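The chain contents come next:
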Amino acid sequence: MKDIDKNIKTNTEEEISAALAQIRQRISAAEQRFKRDPNSVQLLAVSKTKPVAAIQAAIDAGQSCFAENYLQEAVEKIMYFNNPQLIWHFIGSIQSNKTRDIAQHFHWVHTVDRIKIARRLSEQRPNHLPPLNICLQINISDEDSKSGIAPEELKQLAADCSSLTNIKIRGLMAMPAQDSDFARQRAPFRQLRLLFTELQSSYPELDTLSMGTTNDLEAAIAEGATIVRIGTAIFGARNYQ
Ligand SMILES: *Cc1c(COP(=O)(O)O)cnc(C)c1O
């Protein structure tokens, strides 16, 4: 397995173990502070660009859910571990000619933003596997970003996806523009939560709000995140996103 990030900053095994404990502490403190149920927020470890040794250190420290952005790198890692205890989430942008590998190897996809992709994922999901869990990605504040649908497009995309048999819509995902101010961090997360609550009136089974990263996880938890996606705070800095 190549270490694709020739990066001197990846945390050591000891640092990863300590960082995970610290992040779990941050999550439970935020759950308490914002009156969320204990353990209602799941920690997803974003291991993109990081070597398998770093992932192994996280596994040894009790982490079982991992997220990856780059498909080839991700599939190599998933096959390297070949461990049915691990849950793999795809959070990168999806090219339509790459859906088969995603449908075969992952448990979750957070970045579905067009019906064509959803249809291919459903068709290509192997029949012996349970339906692929998906989140619809909303472009909530990041005007420059090409990924995610506009809020106005959500109802139609959800309706189109809901008829597909081998995928299961679980909720919404967003990656707002970075902001250092807590109140300003909360605004797009609140907007996503309101969209989610509205969608739940038609689809009461929806249970997932995937929002919040290293810099804004408290704001996301305050606004109802059920999954936070944390990379830097666990594994160290990256040379690229
Ligand atoms: C990289 C990435 C993350 C993790 O961000 P950190 O700031 O390293 O915690 C979360 N979500 C998505 C979609 C990402 O691409």
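Preceding this section is the structure that the text describes.
Residues numbered from 1 in each chain as written. Predicted model: local features only at pLDDT ≥ 70, side-chain atom pairs only at ≥ 80, totals over all residues. Heavy atoms only, no water.

1. Looking at the environment of A53
If you trace the backbone, A53 turns up in helix α2 (residues 52–60). Placed 41 residues apart in sequence, A53 and T12 show a C-alpha to C-alpha distance of 9.1 Å. (Helix = DSSP H or I, 4+ residues; strand = E, 2+ residues; numbered from the N terminus.)

2. Some remarks on the environment of D160
Counting through the fold element by element, D160 comes out in helix α6 (residues 154–162). Taking relative accessible area as the criterion, D160 reaches 28% and is therefore assigned partly exposed. As a C-alpha pair, D160 and L44 span 116 residues in sequence and 28 Å in three-dimensional space. (Buried < 20%, exposed > 50% of the residue type's maximum accessible area, 1.4 Å probe, protein only.)

3. Considerations on the state of the cysteines
Using the criterion set out here, one finds zero disulfides in the structure. With no disulfide of its own, C65 has C135 as its nearest cysteine by sulfur position, at a separation of 13 Å. The thiol of C135 is unpaired, and the distance to the nearest cysteine sulfur, on C161, comes to 11 Å. (Disulfide = S-S within 2.5 Å.)

4. Description of α6
Listed as buried for α6 are L154, L157, A158 and C161. What you see down the axis of α6 is that its buried residues fit within an arc of 100 degrees, all on one side. What points out from α6, more than 90 degrees from its buried face, is the exposed set K155 and Q156. The inward-facing, buried residues of α6 abut β4 (108–112), α5 (115–124), β5 (132–137), β6 (167–173) and α7 (182–200). (Arc of directions from axis to C-beta. Contact = heavy atoms within 4.5 Å.)

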